[in-house]
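Structure at a glance
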Amino acid sequence: MTRVLINIDVPDLDTACRFYCDALDLRVERHLFDGSVAELGDANAALFLLHKPAGSVAAAAQPRDYARHWTPVHFDVAVDDLDAVLARALDAGAVLEGDVDSAGWGRIARLADPFGHGFCLIEFSALGYDAVEG
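Now for a look at the structure at hand.

Conventions used here
- Residues numbered from 1 in each chain as written.
- Predicted model: local features only at pLDDT ≥ 70, side-chain atom pairs only at ≥ 80, totals over all residues.
- Heavy atoms only, no water.
- Helix = DSSP H or I, 4+ residues; strand = E, 2+ residues; numbered from the N terminus.
- Rg over C-alpha atoms; globule rule 2.2 N^0.38 Å.
- Buried < 20%, exposed > 50% of the residue type's maximum accessible area, 1.4 Å probe, protein only.
- Contact = heavy atoms within 4.5 Å.
- Areas by Shrake-Rupley, 256 points an atom, 1.4 Å probe, with all protein chains shown as cover.
- Phe/Tyr/Trp six-rings, centres within 6.5 Å; stacked < 30°, edge-to-face > 60°.

**Quick notes on the overall build of the chain**
Each helix and strand counted, the chain has two helices and nine strands in total. Written out in order from the N terminus, the α and β elements of the chain read β-α-β-β-β-β-α-β-β-β-β. In terms of overall size, the chain behaves like a compact globule, its C-alpha atoms giving a radius of gyration of 16 Å where 134 residues would be expected to give roughly 14 Å. Over its C-alpha atoms, taken along the principal directions, the chain stretches across nearly 45 × 35 × 30 Å. Residue burial in the chain is summarised as follows: out of 134 residues, 36% are buried. Excluding contacts between residues fewer than 6 apart, the proportion of contacts in the chain whose partners are at least 24 apart in sequence is 50%. Working note: accessible area of the chain is about 8100 Å², and carbon and sulfur atoms make up 52% of it.

**Details of the packing of aromatic side chains**
One pass over the full model with this rule turns up seven aromatic pairs. Relative to Tyr20, the ring of Phe19 lies with its centre 4.9 Å away and its plane at 85 degrees, an arrangement referred to as edge-to-face. Classification of Phe19 by relative accessible area gives buried; the value is 2%. By the ring-pair criterion, three or more aromatic residues cluster together here, those being Phe19, Tyr20, Phe75 and Phe119.

Written as structure tokens, this is what we have:
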């Protein structure tokens with residue numbers, strides 16, 4: 001059986017826990033590795049916040065930088081009420097990057113968390129991705 005684990009490096013674990021719990025209605029399940037990792041629950045994938053100070057060495061010997069950055073890998077959160085979750089995320093400290101877009105498959109809001117990581121909120125229409133199949 002395959003299980004997807006999402007790991008997000010953050011410079012401040014307490015602030016990150018508050019953000020993700022408030023913004024996405026998650027909860028802290030437990031702390032691991034002497035309190036340097038928080039496992040969040042109530043998502044369909046395991047989400048781990050890893051305390052990694054800015055400037056510490058990341059992949060390919062690059063130092064971590066928590067300014068807004070681009071990466072080819074990000075996560076999307078499928079929600080039932082985009083407007084409500086978007087408002088909660090903004091109140092928690094997310095930044096909306098552009099307009100909320102609509103298409104036949106649904107609506108999308110592109111955001112950045114307080115640590116520079118991009119993520120999207122998606123509200124699917126009744127057809128969802130079947131509207132663009134093929």
